[in-house]
Amino acid sequence: DADVVGIAREETIAGVHVFMVREGRIINGNEFVLDKGRDIPDENLLHDFLLRYYDATTSIPREVIVDCELEDAEAVEGWLTGKLASVHGARVRITVPRRGEKSELLALARQNAGHTLNRYKVRTNYEDKRVNAALLQLESALALDGPPMRIECFDISTIHGSYTVASMVVFTDGRPDTNQYRRFKIKSAEGKPDDFLSMREVTTRRYVGLPEDELPDLIIIDGGKGQLSSALEIIRGAAGHKDVPVVGLAKQFELVFTEGNSEPVELPRRSQSLYLIQRIRDEAHRFAITFHRKLRGK
């Protein structure tokens, strides 16, 4: 007798699927959608779900199969054992299988949780609402003239100055526009790791000579004040584009540095705007790393 708890997460929501196994057979499956952000650790999400789920049911199994360790597993096991109230003194165990049939059941529960999440997103028009909210929040937080319908983001990838490359990813209407992605071999910083010089080169190649009507609504530079200043030196100077908004996104605390302001903008935790720019930055990083590895492999 066991319950198998699979969880699938995406930004501000999580899907949960619980297989009820009794006498070795799956007899039922229950699904849930949780409104929890990405900054809630998996263990906390699982812990809160278990307490809520088993507080509302009288069907207590001998074993609860989950995919991450709980810090207070013994306390939760004791609470569940009390609810089981077995006359034979049986205890409830919380286990995290690594292989075998239980692990396969857990993988299936996670897959079903993903389906639960997808159905919820379709039913509630989640994607469109999320993207629209994110763009409007960015417009307000960064004091833009309108929602940034086209965003371009740059990242540099190198190892000690070798095979230095840059990536440019484009998000149109809040979604990846992969046909517009570009990658660059950086020549000016070859042999010496210099993110600032690399950023000046890639922004020169992208924006010098680009007509005003082809500019994006927002440019994101992966990095802090130094990388932002290097990009602005070219975009405002050599390229002569005075009005296009340019910001830098620092990795450590996810702070957004804006032109002419010493204090960064801190987007609210769990906000759609923060998730969107993190996603854009991560995509630029992935695209740059992929190109860098490909060159290095050759």
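Residues numbered from 1 in each chain as written. Predicted model: local features only at pLDDT ≥ 70, side-chain atom pairs only at ≥ 80, totals over all residues. Heavy atoms only, no water.

Asks: Which residues make up the overall build of the protein, and what values do they have?
Replies: When helices and strands are tallied, the protein shows seven helices and 12 strands. Taking 19 Å as the expected radius of gyration for a compact globule of 298 residues, we find that the protein reaches 24 Å, considerably beyond that expectation. Here the C-alpha coordinates of the protein stretch approximately 80 × 45 × 35 Å along the principal axes. Expressed as a percentage of contacts within the protein between residues at least 6 apart in sequence, the contacts between residues at least 24 apart total 61%. Counting every atom, the protein has about 15100 Å² of accessible surface; 48% of that belongs to carbon and sulfur. Within the protein, one finds 42 positive and 46 negative side-chain charges whose respective centroids are separated by 5 Å. (Helix = DSSP H or I, 4+ residues; strand = E, 2+ residues; numbered from the N terminus. Rg over C-alpha atoms; globule rule 2.2 N^0.38 Å. Contact = heavy atoms within 4.5 Å. Areas by Shrake-Rupley, 256 points an atom, 1.4 Å probe, with all protein chains shown as cover. Lys, Arg positive; Asp, Glu negative; His and termini not counted. Charge placed at Lys NZ, Arg CZ, Asp CG, Glu CD.)

Asks: Could you give an account of a positive patch on the surface, with specific residues and numbers?
Replies: Side chains of Arg183, Lys185, Lys187, Lys294 and Lys298 sit close together on the surface and give a patch of like positive charge. Along the chain, the position of lysine 187 falls in the loop between β9 (182–185) and α5 (195–207). Taking relative accessible area as the criterion, lysine 187 reaches 64% and is therefore assigned exposed. (Patch = residues over 30% accessible without salt bridge, like charges linked within 9 Å, V, L, I, M, F, W, Y side chains within 5 Å. Salt bridge = Lys/Arg side-chain N within 4 Å of Asp/Glu carboxyl O. Buried < 20%, exposed > 50% of the residue type's maximum accessible area, 1.4 Å probe, protein only.)

Asks: Pulling in residues and values, what's your account of the nonpolar core?
Replies: Val5, Leu46, Phe49, Leu50 and Val64 are the most contacted members of the largest nonpolar core, which totals 26 residues. Every element with two or more residues in this core is listed here: β1 (2–10), β2 (13–22), α1 (42–55) and α2 (73–84). Ranked by residues supplied to this core, first place goes to α1 with six residues. Once residues lying within four places of it in the same chain are set aside, the contact partners of valine 64 are Asp3, Val5, Leu50, Tyr54, Leu80, Val92, Arg93, Ile94 and Thr95. Among the nonpolar cores identified, the runner-up in size contains 24 residues, and Ile156, Leu215, Ile221 and Ala250 belong to it. (Core = buried A, V, L, I, M, F, W, Y, C linked by side-chain atoms within 4.5 Å.)

Asks: Explain the environment of leucine 295 to me, using residue names and the numbers behind them.
Replies: Positionally, leucine 295 belongs in helix α7 (residues 272–297). Taking the C-alpha atoms as reference points, leucine 295 and serine 162, 133 residues apart in sequence, are found 10.0 Å from one another. If we ignore the near neighbours within four places in the chain, the residues touching leucine 295 are Tyr163, Val165 and Lys185.

Asks: Describe the packing of aromatic side chains, and please don't skip the residues or the numbers.
Replies: By the definition in use, this model includes six aromatic pairs. Between tyrosine 53 and tyrosine 54, the ring centres sit 4.8 Å apart and the planes meet at 80 degrees, which makes this aromatic pair edge-to-face. Three or more aromatic residues joined by ring pairs form one cluster here, namely Phe32, Phe49, Tyr53 and Tyr54. (Phe/Tyr/Trp six-rings, centres within 6.5 Å; stacked < 30°, edge-to-face > 60°.)

Asks: Describe in detail helix α4 (residues 126–141), supporting the description with residues and values.
Replies: Between its first and last C-alpha atoms α4 spans 22 Å; for 16 residues at 1.5 Å apiece the expected length is 22 Å, and the two agree. Taken residue by residue, α4 has Tyr126, Arg130, Val131, Ala134, Leu135 and Leu138 as its buried positions. For α4, the angular spread of the buried residues around the axis is 150 degrees, confining them to a single face. Away from its buried face by more than 90 degrees, α4 exposes Lys129 and Ser140. Those residues of α4 that are buried lie in contact with β1, β2, α3 (101–124), β6 (150–159), β8 (175–176) and α7. Directly after α4, the chain includes alanine 143, whose backbone phi takes a positive value near 55 degrees. (Expected span 1.5 Å × (residues − 1). Arc of directions from axis to C-beta.)

Asks: How would you sum up the packing of α5 against helix α6 (residues 225–238)? Please name residues and give values.
Replies: In the contact formed by α5 and α6, the axes pass within 8 Å of each other and the chain directions differ by 35 degrees. For the element pair α5 and α6, the recorded crossing hand is right-handed. On α6, the residues that touch Asp195, Phe196, Met199, Arg200, Thr203, Thr204 and Tyr207 of α5 are Gly226, Gln227, Ser230, Ala231, Glu233, Ile234 and Ile235. The class makeup of the residues in the contact of α5 with α6 is six nonpolar, five polar and three charged. (Axes fitted to C-alpha atoms, helices over the stretch in contact; angles between N-to-C directions. Left-handed = near helix turned anticlockwise from the far one by under 90°. Nonpolar A, V, L, I, M, F, W, Y, C, P; charged D, E, K, R; others polar.)

Geometric values such as these leave the question of function open.
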